[in-house]
Amino acid sequence: MSELPFKELESLSLLRDLPNPKPQPSDKRGYGELASLYTAFSLDFAGSLLSKLAAHERTEIFDPFGGMGTVGEAGRSLPLQVTLNDISPFASLSGLFRTSQRDALLRAFDSVKAIEFDESSGNEREIFLTAIREVSASEEPVISWMGSANDEGCQAELLAVHLLCLIRIETHRSYRGSNPTWTKKARGEEISLAHLDDARSLVLGKAASYVASLPETHLDFKANHSCGDVSDPRLVDGQFDAILTSPPYPNRTDYIRHYLPGTELLIGGDEAAERRLREDQIGTPLIRKEIPNPQLPESVVEIIGKIGAHESYASASYYVKGYQFYFADMDQTLRNFHSWLRNDGVAAIVVQDAYYKELRIPVPDLLIDMAAAVGFKLEERLDFKVKQALSNLSAGARRSAPKKHVQETCFLLKKA
Ligand SMILES: C[S@@+](CC[C@H](N)C(=O)[O-])C[C@H]1O[C@@H](n2cnc3c(N)ncnc32)[C@H](O)[C@@H]1O
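Rules behind the numbers
One numbering rule holds for all chains: residues counted from 1, following each sequence as written. Note on the predicted model: pLDDT of at least 70 is required for a residue's local features to be given, and 80 or more for side-chain atom pairs to be given and counted; whole-chain, interface and lining totals, by contrast, use all residues. With hydrogens and water stripped out, all remaining heavy atoms of the structure feed into the side-chain values. Here the rule is simple: two strands pair whenever DSSP picks up at least two bridges between them. For the purposes of this entry, the term helix denotes a DSSP run of H or I that reaches at least four residues, the term strand denotes a run of E that reaches at least two, and both are numbered from the N terminus. Note on method: axes are straight lines fitted to C-alpha atoms, helices fitted across the in-contact stretch only, with angles between N-to-C directions ranging 0 to 180 degrees. Contacts between residues were defined by any pair of non-hydrogen atoms, one from each residue, lying within 4.5 Å. These descriptions rest on fixed angle ranges, namely under 35 degrees for roughly parallel, over 145 for roughly antiparallel, 65 to 115 for roughly perpendicular, and the rest for oblique. In the scheme used here, Gly and all other residues not listed as nonpolar or charged are polar, with Ala, Val, Leu, Ile, Met, Phe, Trp, Tyr, Cys and Pro taken as nonpolar and Asp, Glu, Lys and Arg as charged. Side-chain atoms within 4.5 Å are what join buried Ala, Val, Leu, Ile, Met, Phe, Trp, Tyr and Cys residues into a set we call a nonpolar core. Three exposure classes are used, based on accessible area relative to the maximum for each residue type with a 1.4 Å probe and protein chains only: buried under 20%, partly exposed in between, and exposed over 50%. Throughout this description, the term salt bridge denotes a Lys or Arg side-chain nitrogen within 4 Å of a carboxyl oxygen of Asp or Glu. Pairs were defined over the aromatic rings of Phe, Tyr and Trp, the Trp ring being its six-membered one, requiring ring centres within 6.5 Å. Orientation was assigned from the angle between planes: stacked under 30 degrees, edge-to-face over 60, tilted for the rest. Residues are called lining when one of their atoms sits within 4 Å of a cavity or pocket point, these points coming from a 1 Å grid over the protein atoms alone, where a cavity is a set in which a 1.4 Å probe fits but cannot get out and a pocket is an open set with protein on both sides within 12 Å along at least five of seven lines. Grid points are joined across faces, edges and corners, and a volume is the space filled by probe spheres set on the points. Here a residue is near a molecule or strand as soon as one of its heavy atoms is found within 4 Å of it. Throughout this description, a polar contact denotes any pair of N or O atoms lying within 3.5 Å of each other; where both atoms belong to protein, one of them has to be capable of donating a hydrogen while the other can accept it, and for residues adjacent in sequence the pair is counted only when both atoms sit in side chains. Method for areas: the Shrake-Rupley scheme with a 1.4 Å probe, in which residue coverage is limited to the protein chains shown. Molecules are considered to sit inside a cavity or pocket once more than half of their atoms lie within 2 Å of its grid points.

(A) Quick look at the sheet that holds strand 1 (residues 60–63). Pairing within the open sheet is mixed, and its seven strands lie in the order 3-2-1-4-5-9-8. The sheet terminates laterally at strand 3 (222–227) and strand 8 (376–385), the two strands that pair on one side only. Taking each pair of neighbouring strands and ignoring which way they run, the sheet shows an average axis angle of 15 degrees. Across the face of the sheet, helix 14 (residues 315–340) comes into contact with strand 1, strand 4 (240–245), strand 5 (341–352), strand 8 and strand 9 (407–415) while running at roughly 145 degrees to strand 5. The sheet contacts of helix 15 (residues 363–373) involve strand 5, strand 8 and strand 9, and relative to strand 8 the element is tilted by about 175 degrees.

(B) Structural view of the packing of helix 5 (residues 102–113) against helix 9 (residues 193–213). The N-to-C vectors of helix 5 and helix 9 enclose an angle of 170 degrees; their axes lie 11 Å apart at closest approach. Between helix 5 and helix 9, the interaxial angle falls into the category roughly antiparallel. Residues Arg102, Leu105, Leu106, Phe109, Val112 and Lys113 of helix 5 form the contact with helix 9, whose participating residues are Arg200, Leu204, Ala207, Ala208, Val211 and Ala212. Partitioning the contact of helix 5 with helix 9 into residue classes produces nine nonpolar, no polar and three charged.

(C) Seen up close, the nonpolar core. Grouped together as the largest cluster of nonpolar side chains are 50 residues, with contacts concentrated most on Tyr31, Phe90, Phe97, Leu163 and Leu164. Listing elements by their share of this core, those giving two or more residues are helix 4 (89–99), helix 5, helix 6 (124–136), helix 7 (142–145), helix 8 (152–171), helix 9 and helix 11 (260–266). The contacts of Leu164, once residues within four sequence positions are left out, are Ile115, Phe117, Phe128, Ala131, Ile132, Val135 and Leu265. Ile304, Phe337, Leu366 and Phe411 belong to the second-largest nonpolar core, a separate cluster that totals 38 residues.

(D) Fine view of the pattern of salt bridges. Under the criterion given, the structure shown has 19 salt bridges. With a shortest N-O distance of 3.8 Å, Glu302 and Lys306 are connected by a salt bridge. With Glu302 and Lys306 both in helix 13 (residues 298–308) and four residues apart, this pair spans about one turn of that helix. Glu302 sits in the partly exposed class, given a relative accessible area of 46%. Among the residues examined, Lys306 registers a relative accessible area of 43% and is labelled partly exposed. Connected through salt bridges with shared partners, the residues Glu124, Arg125, Arg168 and Glu264 form a single ionic network.

(E) A look at the packing of aromatic side chains. Inspection of the entire model under this criterion finds 14 aromatic pairs. Pairing Tyr31 with Phe97 gives two aromatic rings, centres 6.4 Å apart and planes at 50 degrees, and the pair type is tilted. Of this pair, Tyr31 sits in the loop between helix 1 (25–29) and helix 2 (43–55) while Phe97 sits in helix 4, and the two are 66 residues apart along the sequence. Like Tyr31, the residue Phe97 is buried in the burial classification. Look at Phe337 and Trp340: their rings are 6.2 Å apart centre to centre, the planes differ by 40 degrees, and that puts the pair in the tilted class.

(F) Structural view of the packing of helix 13 against helix 15. Orientation of helix 13 relative to helix 15, taken along the N-to-C sense of each, is 135 degrees, at an axis distance of 8 Å. Here helix 13 lies oblique to helix 15, going by the angle between them. Side by side, helix 13 and helix 15 meet where Ser299, Val300 and Ile303 of the first sit next to Leu366, Asp369 and Met370 of the second.

(G) Inspection of the side chain of Glu170 at higher detail. You can see Glu170 is positioned in helix 8. Overall, the relative accessible area of 16% leaves Glu170 in the buried class.

(H) Examining empty space enclosed by the protein more closely. One pass over the full model with this rule turns up three cavities of 30 Å³ or more. Lining the largest cavity are 31 residues, and of these Phe65, Gly67, Asp86, Ser246 and Tyr255 sit closest to its centre. At the level of secondary structure, the elements contributing two or more residues to the lining of the largest cavity comprise helix 3 (70–75) and strand 2 (81–86). A class-by-class count of the residues in the lining of the largest cavity yields 17 nonpolar, ten polar and four charged. Of the voids in this model, the second largest cavity is the one considered here, and its volume is about 40 Å³. Around the second largest cavity, the lining residues are Gly66, Gly67, Leu84, Asn85, Asp86, Ala91, Ser92, Gly95, His225 and Ser226.

(I) Just the site of the ligand, in detail. The local shell around the ligand holds 23 residues, among which Met68, Thr70, Asp86, Val230 and Ile282 are the closest. In this structure, Thr70 approaches the ligand through a side-chain N or O atom, which is 2.6 Å from an oxygen atom. Across the complex, the protein chains shield 98% of the 610 Å² of accessible surface that the ligand would expose by itself. Here the ligand is seated within the largest cavity. The residue inventory of the shell around the ligand, partitioned by class, reads eleven nonpolar, nine polar and three charged.

(J) Local environment of the pairing of strand 4. Burial analysis of strand 4 places six of its six residues in the buried class, which makes it a mostly covered element. In this structure, strand 1 lies alongside strand 4, joined through two bridges in parallel fashion. Across the sheet, the residue bridging to Ile61 is Ala242, located in strand 4. Examined bridge by bridge, strand 4 and strand 5 share five bridges and lie parallel to one another. Each residue of the ladder has a partner; that of Ala242, found in strand 5, is Val346.

In structure tokens, the structure reads:
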């Protein structure tokens, strides 16, 4: 790949005056009407940073933890090539939806409107799986062929599949617990055709308003999509000018579970596949078989030591393992970022502090130390106060440290 000289980055200019990454009411009125954006950053934040990157001729952008696809929607009116990846197939299809042309989206609406839900197939999940086979003409689970999301032919089918996932999520609203990261699993429930039709009308109505509000794509905008574990090194070294992303935090968030009614449809209800996806998530609440032991900076080793030595129940035997997995995964991730970026490429990373009981885990500081150890230098840093901490969503977490000071940080790394 040729290495054209970049326009010089003005020192301390990329993050200056960026808006707060916290999702805004406008985000909730947009794609947030269709799926929860509980760990997303705001369109405004992503759009401001992408405009600056475009102005500095950094046009090959990668979000390896694409989530609901905010970077994709924010980039669609700019001359950028945006690549979105996520381990969650539901997240990957959200990214496809938010970066698609309006006419492709409207065609998907028509095919979903035309579905005649087939009650004879039994329980509600089967009804949705049958509908998916109708719009996609494939017997295989969607996850096995969604790698073709970049082919125009398959895009139309995947957009219709995504609408069906959103409709199933709508029919599962009552399965959400008080902790928003947890959605109960439906087990063979029945559903009436009237309920299905109401959910379809509601979702298609909201989706139509959302699509009407989307800007046309820039002539030079292009989006690529992949669904996979960030540790899977299928990418070319030096491929990207910039990474803009918000990785998971060590707070046991289960993204697969949160969007489960959608994900289940994409993996064809395969429980072993669901378990694998949940285990492979960074920050997973599940315990994997192997405990990793990479060389990590002193600051990280010290925090892991404090968690292991905490007096609370099962800190040493159980909870510390989650932090060992998290920091080992993020170490490998930062090494990959370093390889995937061109020389002089930049990585803008957004993360929040986390807490173990009352112990503050300064995640941004720790990731910055880890990034330095793999060959990055810190260019800029911007801290924002946070009202609703992601590590404080459960009642138990709120009890153990009711007055947590939490901040969200955006930091910019450059290859040293
Ligand atoms: C903080 S969210 C990103 C939110 C995103 N910025 C947005 O605006 O919606 C982190 C994402 O990382 C994904 N993720 C977790 N583990 C992963 C892994 N091993 N490989 C790739 N993606 C992963 C999760 O599915 C989740 O969507």
